[in-house]
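An overview of the molecular structure
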Amino acid sequence: MSRRAVFLDRDGTINLDVGYPSRWDQIAIYPYAFEAVRRLKAAGFLIVVVTNQSGIGRGFLTEADLEIIHARLDDEFRRRGIPLDAIYHCPHFEAAEAAAGRTDCSCRKPLPGMGMRAAAELGIDLPRSFMIGDKAEDILFGMNIGATPILVKTGYGPTAEPKLAALGARPAFVADDLAAAAAWILDRESRPS
């Protein structure tokens, strides 16, 4: 049986975007993120983080650094009884000088690779799922995987709206933050179809 998911961008959506964090002490989770995730999980959604981490391809952090950050991120939610269901990342940077970082990939948002992988591994029904993020790439990713895209005004949200408009792309909803996005999803889901 396929399941519904809410895909979440990381930096600028779950936590403050500080550039290319390489240590856990650089991560500041928005306080409302915990309750938003709690409400979505209570409604039966899987919570899947999908994050571009080109800092790896750029040499700002290693896969091991990111693994520590993501383990600590999951721990913060797990301690509150709301563990994340999965975290996927794209380490690639298209202009990387190092051969290891320079690759053609299908996983860097807005490309659908992370969403398709999550759908296959977790049994996700993408058209019944949602994507929440603060960048144009997040909204386009949501569209590319067939999920309902929601833009948040945190992080790069204010600059994403004109970029999307120039591309003729519109999110299904623009929310002030992750809490408001979760509330919109839950309200929409509560209405008769």
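For the structure, check the block above.
Rules used throughout
- Residues numbered from 1 in each chain as written.
- Predicted model: local features only at pLDDT ≥ 70, side-chain atom pairs only at ≥ 80, totals over all residues.
- Heavy atoms only, no water.
- Helix = DSSP H or I, 4+ residues; strand = E, 2+ residues; numbered from the N terminus.
- Buried < 20%, exposed > 50% of the residue type's maximum accessible area, 1.4 Å probe, protein only.
- Core = buried A, V, L, I, M, F, W, Y, C linked by side-chain atoms within 4.5 Å.
- Contact = heavy atoms within 4.5 Å.
- Polar contact = N/O pair within 3.5 Å; in protein donor to acceptor, adjacent residues only side chain to side chain.
- Salt bridge = Lys/Arg side-chain N within 4 Å of Asp/Glu carboxyl O.
- Axes fitted to C-alpha atoms, helices over the stretch in contact; angles between N-to-C directions.
- Parallel < 35°, antiparallel > 145°, perpendicular 65-115°, else oblique.
- Left-handed = near helix turned anticlockwise from the far one by under 90°.
- Nonpolar A, V, L, I, M, F, W, Y, C, P; charged D, E, K, R; others polar.
- Pairing = 2+ DSSP bridges.
- Right-handed = clockwise from strand over helix to strand, strands pointing away.

1. Quick look at the environment of Y88
Relative to the elements of secondary structure, Y88 occurs in strand β3 (residues 86-90). Accessibility expressed as a relative area gives 6% for Y88, which makes it buried. Along the chain, Y88 and C107 lie 19 residues apart, while their C-alpha atoms are 9.3 Å from each other.

2. Considering the nonpolar core
Here is a general trend for soluble globular proteins: nonpolar side chains tend to be buried in one another's company. Core analysis: the biggest nonpolar cluster contains 30 residues, and V6, I14, I29, F77, I132 and I185 have the highest contact counts within it. Contributing elements (two or more residues each) for this core: β1 (5-8), α1 (32-42), β2 (46-52), α3 (63-78), β4 (130-133), β5 (148-152) and α7 (178-190). Take this core: its biggest share by element is 6 residues, from α7. Residues contacting I132, with those up to four places away along its chain left out, are V6, F7, L8, D9, T13, I150, V152, L178, A181 and I185. Counting residues in each nonpolar core, the second largest holds 19 residues, with M114, A119, L122 and M131 among its members.

3. Here's the deal with the environment of R3
The topology assignment puts R3 in the segment before β1. Note on R3: relative accessible area 39%, which makes it partly exposed. Sequence-wise, R3 and L126 are 123 residues apart; in three dimensions their C-alpha atoms are separated by 8.5 Å. What R3 contacts, discounting residues up to four positions off in sequence, is L46, L122, G123, I124, D125 and S129. Among the polar contacts listed, one links the side chain of R3 to the backbone oxygen of L122, at a separation of 2.8 Å.

4. Quick notes on the pattern of salt bridges
Scanning the entire structure with this criterion turns up 16 salt bridges. Of the charged contacts in the structure, one is a salt bridge between K153 and D176, with a shortest N-O distance of 3.8 Å. Placement of K153 in the loop between β5 and α6 (157-167) and of D176 in the loop between β6 (173-175) and α7 is noted, with a sequence separation of 23 residues between them. Among the residues examined, K153 registers a relative accessible area of 40% and is labelled partly exposed.

5. Brief notes about the packing of α1 against α7
A packed helix pair is summarised by two numbers, namely the angle formed by the two axes and the spacing between the axes. Interhelical geometry of α1 versus α7 gives an angle of 15° and a closest axis separation of 8 Å. When the interaxial angle is binned, α1 and α7 end up roughly parallel. Crossing geometry of α1 relative to α7 is assigned as left-handed. Between α1 and α7, the residues in contact are Y32, A33, A36, R39 and L40 and L178, A179, A182, A183, I185 and L186, respectively. Partitioned by chemical class, the residues of the contact of α1 with α7 number 10 nonpolar, no polar and 1 charged.

6. Here's the deal with the pairing of β4
Side chains of β4 alternate between two faces, with F130 and I132 and M131 and G133 buried alike. By the bridge criterion, 3 bridges tie β1 to β4 in an arrangement that is parallel. Residue pairing in the sheet places L8 in a bridge with I132 of β4. Here β4 runs beside β5; their pairing, made up of 4 bridges, is parallel. Each bridged residue has a counterpart across the sheet, and for M131 the counterpart in β5 is P149. This β-α-β element, β4 to helix α5 (residues 136-145) to β5, shows right-handed connectivity.

Bear in mind that shape data such as this cannot, by itself, settle questions of function.
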